[in-house]
Amino acid sequence: MHITVLKSLFAIILLLSLGACSKKPQKERKSYVPVTKASVEDLERYKRFSIGKTDFDRPWIAHVNTADLDNDGYMDVVGCDAKLNEVFWIRQLADGSYEEIIIGRDLRAPVHVETADMDADGDLDLIISSMSVVFPNNDKIGAIFILENLANGEFENHLIIEGIDRVVDARAADFDEDGQLDLAVAQFGYDQGEVRWMRRTDDWSFESHVVLSLSGSINVCVADFDENGSQDFAVLISQQWEEIHLFQNNGKGQFTSKVIWGSTNEDYSCSGMSMGDINKDGKMDLVFSNGDGFGPNPEPGPKPWHGVQWLENRGQGFFKFHRVGDLGGAYSPVVVDLDNDSDMDIVALSGFNDWNKPKAESIVWFKNDGYESFTKTILAYEPTHLITLDIQKMKPGSPEHSLITGGFHAYPPYNEEKMSRVSLWKLNN
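Residues numbered from 1 in each chain as written. Predicted model: local features only at pLDDT ≥ 70, side-chain atom pairs only at ≥ 80, totals over all residues. Heavy atoms only, no water.

Caption draft 1: Quick look at the pairing of strand β10 (residues 155–164). Pairing analysis gives 8 bridges linking strand β9 (residues 142–149) to β10, with the strands arranged antiparallel. Bridged to phenylalanine 145 within β10 is leucine 159. (Pairing = 2+ DSSP bridges. Helix = DSSP H or I, 4+ residues; strand = E, 2+ residues; numbered from the N terminus.)

Next up, the structure:
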């Protein structure tokens, strides 16, 4: 009996050992400790091309976005020129070249353009956020325009709202689930500001509901963050507040708001927010930068606390803060699997670095090792003054991501050799 028991135990141990040896090690995504590793350079990874208008004088490109506006299968670039009060379309042709068309004029310092099929006719319309004046101003001069895509290369301008605090971001979603696209709106104001959602009442008519009266809101992200089946939205608040607010939707356009992150540093300088599933757990996370330099400070520049962060979505409206890495003057973080290794990376720009230094970082790639530990990889030191970024596969079937950046040259130094308007960055073979 004793020998039989020993044999049985030996057999069990052998089977367990064989089973353990036959399994591949699995990534454990719940026990990671995000730590940014030492910086490296990869300056030859991308080659830069200027696209669109090349004759410019200290451009103020406030936002770029990618979309296929003419439904030809090729991704185009749309953008906001806050100095010339224009929205432009840089159309990609079948041969890979680009041509620029002005599709909106007199748009009162447009600073953000989003795409959505607002009239449900099968093509993308453009939602334009207008500040009227980019720099600090307390007047109620904000406006929202929608450029209706007429599908023949022409756009019809609809003024949706005006006479409100300066508008910096507007996103479309069906918040009350009536089958029509509504808007979530961030209004920076200056000493005052608002967050509102605008319920669709007719083709180009909306009814406004203010959900927060607080200055400094700069970005909106829309998703079902609490996974209850309805569209919520998060808003990044800058200025002295330096907070992120989540507005949870009950499905009827009724929102419960709460602060999901905040800094006690009134000079934290929040500058941009986007979203993506960083840890690939099926829940949408938030990524944000701090490095803003607009405002009364005559000499904006990098601060030790500037950089990129992500809020890990833990479910049911709860988030966990992680520092990703340092970047002076950080702006416009984008979540993307840049190297196609199935791990989500983050790319960010610098709008307000110390541009008198030749090694001031302009574009940085925070490379994910698969365990949410990031290596800071410098992709470019110039051009300088970059505040807006989109990343897209520009041609049908292409596995390669291209970067699109916009330069906003409102502060010195004005070095023409390091100045850019709209740039396309292609992977260098």
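Caption draft 2: Main features of unusual backbone geometry. Of note, the bond from glutamate 382 into proline 383 is cis; its omega dihedral lies within 30 degrees of zero at 5°. Counting through the fold element by element, proline 383 comes out in the loop between β26 (374–380) and β27 (386–392). Proline 413 follows proline 412 through a cis peptide bond whose omega is 5°. Along the chain, proline 413 falls in the loop between β28 (402–407) and β29 (422–427). If you check the backbone angles, glutamate 372 has positive phi at about 65° while not being a glycine. By the secondary structure assignment, glutamate 372 is in the loop between β25 (363–368) and β26.

Caption draft 3: Region of the structure containing the packing of aromatic side chains. The full count for this structure, using the stated rule, is 21 aromatic pairs. Both rings, one in tryptophan 89 and one in phenylalanine 155, keep their centres 6.0 Å apart while their planes meet at 85°; by these two values the pair is edge-to-face. Pair noted here: tryptophan 89 is in strand β5 (residues 86–92) and phenylalanine 155 is in strand β10, with a separation of 66 residues, a long-range link. Accessibility expressed as a relative area gives 3% for tryptophan 89, which makes it buried. The exposure class of phenylalanine 155 is buried, given its relative accessible area of 13%. Plain terms: the ring middles of phenylalanine 175 and tryptophan 197 are 6.2 Å apart, the flat faces sit at 75° to each other, and that makes the pair edge-to-face. (Phe/Tyr/Trp six-rings, centres within 6.5 Å; stacked < 30°, edge-to-face > 60°. Buried < 20%, exposed > 50% of the residue type's maximum accessible area, 1.4 Å probe, protein only.)

Caption draft 4: Representation of the environment of leucine 327. Along the chain, leucine 327 turns up in the loop between β22 (318–326) and β23 (330–336). Sequence-wise, leucine 327 and threonine 36 are 291 residues apart; in three dimensions their C-alpha atoms are separated by 12 Å. Apart from the residues lying within four places of it in its own chain, the contact partners of leucine 327 are Asn290, His306, Gly307, Ala348, Leu349, Ser350, Glu361, Val364 and Lys376. (Contact = heavy atoms within 4.5 Å.)

Caption draft 5: Geometry of the pattern of salt bridges. Overall, the coordinates contain 20 salt bridges when judged by the stated rule. We note a salt bridge from arginine 171 to glutamate 114, for which the minimum N-O separation is 3.6 Å. In this pair, arginine 171 is assigned in strand β11 (residues 167–173) and glutamate 114 in strand β7 (residues 110–116), connecting sequence segments 57 residues apart. Here glutamate 114 falls in the buried class, since its relative accessible area comes to 16%. (Salt bridge = Lys/Arg side-chain N within 4 Å of Asp/Glu carboxyl O.)

Caption draft 6: The arrangement of the sheet that holds strand β2 (residues 46–50) in detail. Strand order in the open sheet formed by 4 strands is β2-β29-β28-β27, with antiparallel pairing between adjacent strands. Two strands close off the open sheet at either side, each with one partner strand: β2 and β27. Recorded for the sheet is a direction-independent mean angle of 25° between the axes of neighbouring strands. (Axes fitted to C-alpha atoms, helices over the stretch in contact; angles between N-to-C directions.)

Caption draft 7: Focus on the state of the cysteines. Under the counting rule described, the total for this entry stands at 0 disulfides. With no disulfide of its own, cysteine 80 lies closest to cysteine 221 among cysteine sulfurs, the gap being 17 Å. The cysteine cysteine 221 is free of any disulfide, with cysteine 270 supplying the nearest cysteine sulfur at 12 Å. Overall, the relative accessible area of 3% leaves cysteine 221 in the buried class. (Disulfide = S-S within 2.5 Å.)

Caption draft 8: Structural context of the sheet that holds strand β12 (residues 182–187). In spatial order, the strands read β11-β12-β13-β14; together these 4 strands make up an open sheet with antiparallel pairing. On the outer flanks of this sheet lie β11 and β14 (205–212), each paired with one strand and no other. Across the sheet, the mean angle from the axis of one strand to that of its neighbour is 25°, orientation sign disregarded. In this structure, β12 lies alongside strand β13 (residues 194–202), joined through 5 bridges in antiparallel fashion. For valine 185, the partnering residue across the bridge sits in β13 and is arginine 196.

Caption draft 9: Just empty space enclosed by the protein, in detail. Considering all chains together, one arrives at 1 cavity of 30 Å³ or more under this definition. In terms of residue class, the lining of the largest cavity is built from 4 nonpolar, 4 polar and 1 charged. (1 Å grid on protein atoms, 1.4 Å probe; cavity = no way out; pocket = protein on both sides within 12 Å on 5 of 7 lines; lining within 4 Å. Points joined across faces, edges and corners; volume = space filled by probe spheres on them. Nonpolar A, V, L, I, M, F, W, Y, C, P; charged D, E, K, R; others polar.)

Caption draft 10: Region of interest: the pairing of β27. Within β27, 6 of the 7 residues are buried, which leaves it mostly tucked inside the rest of the structure. Sheet topology places β27 next to β28; 6 bridges connect them, and they run antiparallel. Within β28, the residue paired with leucine 389 across the bridge is threonine 405.

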